[in-house]
Each structure stands twice: as C-alpha cells, then as structure tokens.
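# What the coordinates show
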Amino acid sequence: MAVETEVLTELRRLRVRVPDLLGALAAGADGLVLAEDMPDVQPEGLAALTAAALGVGRRMVDLTARGEFRELLVRGAGGYLATYAAGPSAVLTLLADDRTNVGRLHLEGRRGGARIAELLAARSMDDGPVVHGGEPPAPRFRGRILGALPIRIPPQSRYEP
C-alpha cells in the first residue's frame, strides 16, 4: 500500500475517533498536500498556510528556547484549527467544531501526528539514506530546510561612547 493511502487511512481514523472533527489534512513542510479528508475547505490553500504557520511556530519556539515545535492551536468563533508536528518534514492539521473536547483533540492529534511521522519515516528508509538516529533528513531546497524562516541578525551598532 502506498504511503499516501496509509496516511489518508489514518486521517479517516482520526475523524472516527474525534466526533466533532470536521476535517484532517497531512502536508509536507513545503506546503504540498500529502493526504486530505477535508470537505468544504480548499486543501492546497490550507496546506500552504499550515506550512507558513509551521515555519513561524518553529521559529517562535527556537527564539524562546522552548525546544522543538510540537503543536499550534488556533481558536476562532466557529471552532478550532490544530496543527501538530508529524516528524521533521510533515505536519498534521485538524479542523474541529467549537463543541469539541480540546483535550481529546490534542490526545488524538498527537497520536495521529506520530503515526504519520512513522509512515513517512518508513517510506524514507525505503527510498534513500537515513542519518544517525534513524531520522530521515529534513527536506532541503538550495541548502535551506523547507518550512524554516530565514534568520535575520540585526547589524551591530558602531557607536562607541
């Protein structure tokens, strides 16, 4: 079975386990859709925005020395949008109703993200080299890690008292 099919199966399982879940999307850190089970939402646009949010989230936790990015929760008047890391190169986004149990959403979202990371890691091991620790390398484009924001270091002051 192709990894995309297995990821889609995991997304559908998530929708069964969380009753108020309205949709689920797995995307690469580059903003491309891996699999989606999200009616009434444009998955390509959401995947691109999710990748941008992933980059901002990673940068925020890096800047504040909070470790590696795990999750991001956005609450709107009509419900929740939760994003979970799914390994170094993917992200899981869940769209939930405003009546959802947020604790249950986090529990299942974290499990789903871990499962998707396992599926993608298994594919990576079949497709190419693996770095130390069994983790596949983060995807790169022109030497930069995809989904990461550039770091701007302000120029040093030349003023000397």
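Owing to the predicted nature of the structure, the values given are computational and were not obtained by experimental measurement.

### Overview of the side chain of E108
By the secondary structure assignment, E108 is in helix α3 (residues 102-127). For E108, a relative accessible area of 3% translates into the label buried. Discounting residues that sit within four places of it in the chain, E108 has contacts with L14, R17 and V18.

### Regarding the environment of N101
Topologically, N101 is positioned in the loop between β5 (90-97) and α3. Take N101: its relative accessible area is 51%, and that puts it in the exposed class. Separated by 81 residues in the primary sequence, N101 and D20 have C-alpha atoms spaced 8.2 Å apart. A polar contact is formed between the side chain of N101 and the backbone nitrogen of R104, at a distance of 3.1 Å.

### Quick word on the sheet that holds strand β2 (residues 33-37)
An order of β2-β1-β5-β4-β3 is seen for the 5 strands of this open sheet, with the pairing classed as antiparallel. Sheet topology places β2 and β3 (71-76) at the edges, where each strand pairs with a single neighbour. Ignoring strand direction, the axes of neighbouring strands in this sheet form an average angle of 10°. When strand β4 (residues 79-85) meets β5, the two strands line up antiparallel, connected through 7 bridges. Its bridge partner lying in β5, Y84 is registered against L92. Running at roughly 65° to strand β1 (residues 21-28), helix α2 (residues 43-63) makes contact with β1, β2, β3, β4 and β5 of the sheet.

Criteria and cut-off values
- Residues numbered from 1 in each chain as written.
- Predicted model: local features only at pLDDT ≥ 70, side-chain atom pairs only at ≥ 80, totals over all residues.
- Heavy atoms only, no water.
- Helix = DSSP H or I, 4+ residues; strand = E, 2+ residues; numbered from the N terminus.
- Buried < 20%, exposed > 50% of the residue type's maximum accessible area, 1.4 Å probe, protein only.
- Contact = heavy atoms within 4.5 Å.
- Polar contact = N/O pair within 3.5 Å; in protein donor to acceptor, adjacent residues only side chain to side chain.
- Pairing = 2+ DSSP bridges.
- Axes fitted to C-alpha atoms, helices over the stretch in contact; angles between N-to-C directions.

Interpretation note: all reported values are geometric properties and have no functional meaning in isolation.
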